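Overview (structure and organization)
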Amino acid sequence: MTAADVTGADTAGAVDLRSDTVTRPTAGMLRAMTTAPVGDDVYVEDPTVNALEERVADLFGHEAALFVPSGTMGNQIGLRLVCEPGQEVVGDADAHVFTYELGAAAALFGLSSRTVVTGGPLSADQLIAQVRPKDDWHVTSTAAIAVENTHNRGGGLVQPLGELQALFGWTREHDVAVHLDGARIWNAHVAAGVPLATYGRLADTASVCLSKGLGAPVGSVLVADAERIAAGRLWRKRLGGGMRQAGVLAAAGLYALDHHLERLAEDHAHARLLAERLGVDPAGVPTNMVVVDDVPAAEVAAAARAQGVLVGQVSGRRIRLVTHLDVDRAGVERAAKVLSQVIGELTGR
């Protein structure tokens, strides 16, 4: 994301492909929010929040869950639950927890991080090779490995199940935890057909987002065992994440699980259509993200915006298009037409 992506301008009527975070609640979701029974969640007395937490914990095969305001908070609490200050987290260099969370693990919790440039799907062996022992006082010990699925900067790639299983199996024998950044795990589930519980049981802590592909306005859910979630509730309070009558937000998450999960397949189909129209290999578009390389990103974004199509700028020569609940087939067709024209004019393709 660049400054050009955050203009504050009115985007009404535009085909907004900058991110799947830009969705607005549907009429049905708003009704669910306004009629939700609520209580004080800091006292664990909001029935709608409790129902959401129980449901998500069950979906991912964990004992308990915690509703948090954002995916970043979910990730950071999850990391703190499996790492002590002075220990390290290992993960991919392009992972969200290392790229877009402003060094929170170090700034807030005193956690060290070490990254590996993978250049593609997760490799269990590559990450395992970087783990440092806990019984050597000369080195910073590795307490956890962070995994992102789907991988944002990897173009929405779905991590290979076999590699996840190999990684988790190794960590059981070597006293290392796994944290899953599952912001878009729903997309991985729909694209790969892997049960959510399978993904969930391959992590000690996992943060799953409701406000991306599922279309809720706010919130993520952290899942883990009951002891860790009890500690996580304290960390949420310390971080200012106690949200009182939060059932109005949790209701949106419950509605999304009922109505917006399986429809993610539409977003994936729309992304492949965009790829085809823009000359990108659709085989490299497993979920809802299309990355277009070797284009003057700022110029493409400005010219497309002038015609009512908004795109994300990943770098000076790369744009990203993300399909979602608020972009239908007609919107995809319109965006494809505009972008084909703009890119052709600017690049001669």
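Cut-offs and rules
- Residues numbered from 1 in each chain as written.
- Predicted model: local features only at pLDDT ≥ 70, side-chain atom pairs only at ≥ 80, totals over all residues.
- Heavy atoms only, no water.
- Pairing = 2+ DSSP bridges.
- Helix = DSSP H or I, 4+ residues; strand = E, 2+ residues; numbered from the N terminus.
- Axes fitted to C-alpha atoms, helices over the stretch in contact; angles between N-to-C directions.
- Contact = heavy atoms within 4.5 Å.
- Phe/Tyr/Trp six-rings, centres within 6.5 Å; stacked < 30°, edge-to-face > 60°.
- Buried < 20%, exposed > 50% of the residue type's maximum accessible area, 1.4 Å probe, protein only.
- Lys NZ or Arg CZ within 6 Å of the ring centre and 35° of its normal.
- Salt bridge = Lys/Arg side-chain N within 4 Å of Asp/Glu carboxyl O.
- Arc of directions from axis to C-beta.

So, about the sheet that holds strand 11 (residues 312–315). Across the sheet, 3 strands lie side by side as 9-12-11; this open sheet has antiparallel pairing. Looking at which strands have only one partner, the edges of the open sheet turn out to be strand 9 (289–293) and strand 11. Sheet twist, expressed as the average angle between the axes of neighbouring strands with direction ignored, equals 30 degrees. In the packing of helix 13 (residues 297–306) onto the sheet, contacts are made with strand 11 and strand 12 (318–322), and the angle to strand 11 comes to roughly 175 degrees.

Before going further, it helps to spend a moment on the packing of aromatic side chains. Evaluation of the coordinates by the stated rule reveals 2 aromatic pairs. A ring pair is formed by Phe109 and Trp235, whose centres lie 5.0 Å apart and whose planes are at 80 degrees; its orientation type is edge-to-face. Of the two residues, Phe109 is situated in helix 5 (residues 104–109) and Trp235 in helix 10 (residues 226–238); the sequence distance between them amounts to 126 residues. On the basis of relative accessibility, which here comes to 5%, the residue Phe109 falls in the buried class. The ring centre of Phe168 lies 3.8 Å from the NZ or CZ of Arg172, which sits over that ring.

Glancing now at the pairing of strand 7 (residues 205–209). Of all 5 residues in strand 7, 5 are buried; the element is thus mostly enclosed. Burial of strand 7 is two-sided: the residues Thr205, Ser207 and Cys209 facing one way and the residues Ala206 and Val208 facing the other way are all buried. The sheet contact formed by strand 7 and strand 8 (residues 220–224) spans 4 bridges and is antiparallel. Note on strand 8: the bridge partner recorded for Ser207 is Leu222.

Before going further, it helps to spend a moment on the pattern of salt bridges. The full count for this structure, using the stated rule, is 17 salt bridges. The partner of Asp16 in a salt bridge is Arg18, and the shortest N-O contact between them spans 2.6 Å. Each member of the pair, Asp16 as well as Arg18, carries the same accessibility label: buried. Of the charged contacts, one joins Asp225 and Arg228 as a salt bridge, the two residues approaching to 3.3 Å between their closest N and O atoms. Salt bridges sharing partners connect three or more residues here, namely Glu88, Arg114 and Arg132.

Next up on the list: the environment of Arg132. Its location among the elements puts Arg132 in the loop between helix 6 (124–128) and strand 5 (142–148). Note on Arg132: relative accessible area 32%, which makes it partly exposed. In this structure the C-alpha to C-alpha distance between Arg132 and Val342, which are 210 residues apart in sequence, comes to 49 Å. Ignoring any residue separated from it by four or fewer positions in sequence, one finds Arg132 in contact with Glu88, Arg114, Val139, Thr140, Ser141 and Thr142.

A few words now on the pairing of strand 12. Taken across its 5 residues, strand 12 has 4 buried, putting it largely inside the fold. Here 5 bridges tie strand 9 to strand 12, and the two strands are oriented antiparallel to one another. What sits directly across from Val292, in strand 12, is Ile319. Bridge count between strand 11 and strand 12: 3 bridges; the pairing is antiparallel. Following the sheet pairing, Gln313 is matched in strand 12 by Ile319.

The subject of this paragraph is helix 13. Residues of helix 13 that are buried: Ala297, Val300, Ala301 and Ala304. Axial view of helix 13: buried residues confined to an arc of 95 degrees, hence all on one face. Where helix 13 is buried, its residues touch strand 10 (309–310), strand 11, strand 12 and helix 14 (329–347).

On to unusual backbone geometry. A cis amide bond links Asn149 to the next residue, Thr150, at an omega of -5 degrees. If you trace the backbone, Thr150 turns up in the loop between strand 5 and helix 7 (161–173). Although it is not a glycine, Asp175 sits at a positive phi angle of roughly 55 degrees. As for its placement among the helices and strands, Asp175 is situated in the loop between helix 7 and strand 6 (177–182). Even without being a glycine, Asp294 presents a positive backbone phi close to 60 degrees. Mapped onto the elements, Asp294 comes out in the loop between strand 9 and helix 13. According to the relative accessible area criterion, Asp294 is exposed, its value standing at 53%.

Turning next to the sheet that holds strand 3 (residues 88–92). The 7 strands are arranged 2-8-7-6-5-3-4 in an open sheet whose pairing can be described as mixed. For this open sheet the edge positions go to strand 2 (64–68) and strand 4 (112–116), each flanked by a neighbour on one side alone. Mean inter-strand twist for the sheet, computed between neighbouring axes without regard to direction, equals 20 degrees. Pairing between strand 2 and strand 8: 5 bridges, direction antiparallel.

Without other data, these values stay purely geometric and don't point to any function.
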